[in-house]
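Read off the chains here:
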Amino acid sequence: MKIKDIRASLHTTSIEIPLLSGRVEGYGRAEQKIFVICEVETDEGYTGIGLTGHFLAHSVVAALEKHFLPIIKDMDPRDIEAIHQRVLQRLNPRAMTGTVSMALSCLDIALWDIQGKHADRSIAQLLGAARSEIPAYVTFGFPQYDREQLAEAAQLHVENGFTALKNVVAVDPGGWREDAARVRAIREAVGDDIDIMIDANYLFSPVEAKMLCRSIEDCNITWFEEPLHQNDARALADLRNSTNIPIAAGQMEGHRWRLRELVEKQAVDILQPNVTYCGGYTEARKAAHLAQTYNLPIANGGGWPLFNMHMLAGLANGWIVEWHLGMVSVGESIFIDPPRPKDGVISIPKKPGLGLTPDRDGLKDTRVKH
């Protein structure tokens, strides 16, 4: 079996968030308007699909079609380590991230999809089949909510079966004090038996993050995700040592060496490789095995649950997948009847590969033509 073509395209879609009709731009933040889809075709009729997010999306499309395809054409899509090695040697000998990591992620997902279809096994099974279902947490706490709406939305998701909720912090004009008040509003709304995570998306200074931690330590926070600028591993380790709130990070790191730094510096309690950014399942598996040797769980941050669920179900230290409402809405637009959680648990599709059926009309309708 040989790779014959890579087709990459830009897509966009509108989303709806409970209680925020028409108020959320993109699929989470204003800059998250487009995403990249690639399809890899083989000479034996197998086609795999991959996805990556909005960062430098036009460049990712060009990289896949103009740079990746010429060096991997006619390679066997099952020889994934050989493909990664060729990409490193020819396109990324200095282990840069950014465009090359996102293009590699998109490609790698499609290759695993092909491999699963050829083997008649899901990607989760190919990765090790540690479990057939995984818990999901819902990322619901968009900054467009006021405190009362935030509490109402939290109750709504609990009523829908979720037992874990994530809220965005570090973007309110009121700073960490307003974040603390919003976290308390969620805790009061849902009670003590629901997990609450918070996510700063790299936006706090170490001092601000410590202030917020100190003010909400009694709220029993499950984890504080990517609290600090640049994911500074040294500063993350210092923050981790100063609070009883577990620290999670890694979702946007572009390869295993950056993820390794978080582990070696003892900067995290939970490692968060995301297959749509870190180099696909191939790199995520290596990061997960590294984490496992340090007795660390992996949990998904950065969204795209329909892809990351296979990693977390397949690998022994996989924990919980992020059901990000915006990216879930994207999945509903481009796939036919994708899986959904029931009572906060998602079952991995039994169909081979990703187990997802592309919606050709949806892909056509969402495509960015210019």
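Here goes a summary of the coordinates provided. (Residues numbered from 1 in each chain as written. Predicted model: local features only at pLDDT ≥ 70, side-chain atom pairs only at ≥ 80, totals over all residues. Heavy atoms only, no water.)

1. Concerning the side chain of E253
Okay, so step 1: Here E253 shows up in the loop between β8 (247–249) and α9 (256–264).
Okay, so step 2: Given the relative accessible area of 5%, E253 is considered buried.
Okay, so step 3: Of note is the side chain of E253, whose polar atom sits 2.8 Å from the side chain of N231.
Okay, so step 4: Here R258 takes part through its side chain, which lies 2.9 Å from a polar atom of the side chain of E253. (Helix = DSSP H or I, 4+ residues; strand = E, 2+ residues; numbered from the N terminus. Buried < 20%, exposed > 50% of the residue type's maximum accessible area, 1.4 Å probe, protein only. Polar contact = N/O pair within 3.5 Å; in protein donor to acceptor, adjacent residues only side chain to side chain.)

2. Considerations on the packing of helix α1 (residues 57–72) against helix α2 (residues 80–91)
Okay, so step 1: The interhelical angle for the contact between α1 and α2, taken along N-to-C directions, is 125 degrees, at an axis separation of 10 Å. In this view, α1 runs oblique relative to α2, as classed from their interaxial angle. α2 is crossed by α1, and the crossing has right-handed handedness. Residue-level contacts link H67, F68, I71 and I72 of α1 to I83, R86, V87, R90 and L91 of α2.
Okay, so step 2: Considered class by class, the residues forming the contact of α1 with α2 number six nonpolar, one polar and two charged. (Axes fitted to C-alpha atoms, helices over the stretch in contact; angles between N-to-C directions. Parallel < 35°, antiparallel > 145°, perpendicular 65-115°, else oblique. Left-handed = near helix turned anticlockwise from the far one by under 90°. Contact = heavy atoms within 4.5 Å. Nonpolar A, V, L, I, M, F, W, Y, C, P; charged D, E, K, R; others polar.)

3. Re the nonpolar core
One broad trend across soluble globular proteins is that nonpolar side chains are buried collectively.
Okay, so step 1: L64, F68, F224, Y281 and F307 are the most contacted members of the largest nonpolar core, which totals 121 residues.
Okay, so step 2: Per-element accounting of this core gives the leading share, eleven residues, to helix α3 (residues 99–119).
Okay, so step 3: Those residues in contact with F307 that lie beyond four places of it in its chain are L51, I109, V275, T276, Y281, F335 and L354. (Core = buried A, V, L, I, M, F, W, Y, C linked by side-chain atoms within 4.5 Å.)

4. What to know about the sheet that holds strand β2 (residues 34–42)
Okay, so step 1: Read from one edge of the open sheet, three strands run β1-β2-β3, paired in antiparallel fashion. In this open sheet, the two strands that pair with only one neighbour each are β1 (3–12) and β3 (47–52). Between one strand axis and the next, the sheet turns by 20 degrees as a mean value, whatever way the strands run.
Okay, so step 2: Strand direction decides the pairing type here: β2 and β3, joined by six bridges, are antiparallel. Among the inter-strand pairings, E41 is bridged to a residue of β3, identified as T47. (Pairing = 2+ DSSP bridges.)

5. Points about unusual backbone geometry
Leaving glycine aside, a negative phi is the common case for residues, and trans is the common case for peptide bonds.
Okay, so step 1: Residue N231 is not a glycine yet carries a positive backbone phi of 50 degrees.
Okay, so step 2: Mapped onto the secondary structure, N231 falls in the loop between β7 (223–225) and α8 (233–242).
Okay, so step 3: At W304, a residue that is not glycine, the phi angle is positive and equals roughly 55 degrees.
Okay, so step 4: Mapped onto the secondary structure, W304 falls in the loop between α10 (280–293) and α11 (305–314).

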